[in-house]
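# Coordinate analysis (summary)
Residues per chain, in single letters:
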Amino acid sequence: MFEINKIASETYALIDKDDCYIYLLIGKNKTLVIDLGDTKIPIKPEIEKITSNDLIVALTHGHGDHVAKSLEFDKVYLSPLDKNNYLENELLFPNYYQLKSYQELLPLENFKKFDLGDRIIETFPLGGHTPGSTVFVDKKNKFVFCGDALGAGKGVWIQCLHGTKIREYKKNLMNAKKYLNSYGVDNSWYFWTGHQKQVYRSNNPISLELIDDMIVLCDQLIKGNTVGEKSDVPTFDGTQGYYASYKKAGIFYKDSSF
């Protein structure tokens, strides 16, 4: 089943067997479900034990370990930039994830606001891990839900299929810092990732400082001042992967990431 943790008032994290996190943000009128994990077990009945609100699902990105059981829900949002990722799940794993067809998904546009009633969740884009990776800001609780857009304390994966170029990721990171500053995010805020237990294992939680380090690391890689070491992390296309780090930041990439 799921491990269920209450992380704040009216806020829960459901963790599936593969350490994928599903977040419930409960408002007065509606509940926002951020990501759906990698589970084969029905998830909606577990959520309905916690809240009777109407449910809105919004996916941080389209990878299979964040979208499972989308067929169970009426409203599911995903960035159109992650169309190819989602369609590959449908094609390669048609029965495993039990997905809504892509045509039934609602477009998660940049800077969308979800009004849950006494709680507004705002979004902004942070492409890199995938082109359509999206971050969710909960001002009420000083939380940022970022999926895999910044990794989970062990480095971000942009060596995946459809990962962006490092140069584009750097630009998106710089924009993300501007967005976070505009929301008043500081070191008192907490960043929740798509695989949160990795943070505890690595003792390197996501933070504003890590984002600054990630920008520097991207710049070093682009200029050739840093060269990563070979890594056995999967690239999903048979090519060699590499890992580079700078202070708190780490990036897994491949030759085509430039």
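First, a word on scope: everything that follows refers to the structure included in this document. Note that residues are indexed from 1 along each chain, following the sequence as it is written. Owing to the predicted nature of the model, reporting of local features is limited to residues with pLDDT of at least 70; listing and counting of side-chain atom pairs is limited to 80 or more, with chain, interface and lining totals taken over all residues. Based on all heavy atoms of the structure, the side-chain values leave hydrogens and waters out of the count.

## Side note on helix H5 (residues 208-223)
A rise of 1.5 Å per residue sets the reference length of H5, with its 16 residues, at 22 Å; its end C-alpha atoms lie 23 Å apart and thus fit the reference within 8%. Restricting attention to buried positions, one finds in H5 the residues Leu208, Leu210, Ile211, Asp213, Met214, Ile215, Leu217, Cys218, Gln220 and Leu221. Should any heavy atoms of two residues lie within 4.5 Å, those residues are considered in contact. A run of H or I in DSSP counts as a helix once it spans at least four residues, and a run of E counts as a strand once it spans at least two, with each numbered from the N terminus. Those residues of H5 that are buried are in contact with strand S12 (156-157), helix H3 (166-182), strand S13 (190-193), strand S15 (241-246) and strand S16 (249-254). Positive phi shows up at Gly224, right after H5, with a value of about 80 degrees. Under the convention used throughout, the expected extent of a helix is 1.5 Å for every residue step, that is, one less than its residue count. Each residue is placed in one exposure class: buried if its accessible area under a 1.4 Å probe, protein chains only, is under 20% of its type's maximum, exposed if it is over 50%, and partly exposed if it falls in between.

## So, the pairing of strand S2 (residues 11-15)
Extensive coverage of S2 is indicated by the burial of 5 of its 5 residues. A two-sided burial pattern is seen for S2, the buried positions comprising Thr11, Ala13 and Ile15 on one face and Tyr12 and Leu14 on the other. Looking at chain direction, strand S1 (residues 3-8) and S2 are connected through 5 bridges and run antiparallel. The residue bridging Asn5 from the neighbouring strand is Ala13, located in S2. A strand pair is defined by DSSP finding two or more bridges across the two strands. Here S1 hands over to S2 after 2 residues, with Glu10 in that stretch at a positive phi of 60 degrees.

## Description of the nonpolar core
Soluble globular proteins tend to pack their nonpolar side chains together in the buried interior. Residues Leu173, Phe191 and Ile251 are the most contacted members of the largest nonpolar core, which totals 33 residues. Breaking this core down by element, the ones donating at least two residues are strand S10 (134-138), strand S11 (143-147), H3, H5, S15 and S16. Element by element, the count of residues in this core is highest for H5, at 8 residues. Beyond its immediate chain neighbours, meaning those up to four positions away, Leu173 contacts Leu126, Leu150, Ile211, Met214, Ile215 and Cys218. Membership of the second largest hydrophobic core comes to 23 residues, among which are Tyr12, Val67, Phe73 and Val76. Throughout this description, the term nonpolar core refers to a set of buried Ala, Val, Leu, Ile, Met, Phe, Trp, Tyr and Cys residues connected via side-chain atoms within 4.5 Å.

## Observations regarding H3
The first and last C-alpha atoms of H3 sit 24 Å apart over 17 residues, in line with the 24 Å expected at 1.5 Å per residue. Of all the positions in H3, only Ile166, Tyr169, Asn172, Leu173, Ala176, Lys177 and Leu180 are classed as buried. The buried residues of H3 all sit within an arc of 150 degrees when viewed along its axis, so they share a single face. Away from the buried face of H3 by more than 90 degrees, exposed residues Arg167, Lys171, Lys178 and Ser182 are located. Contact partners of the buried residues in H3: strand S9 (120-125), S11, S12, S13, H5 and S16. Positive phi shows up at Gly184, right after H3, with a value of about 80 degrees. As used here, the arc belongs to the directions running from the helix axis to the C-beta atoms.

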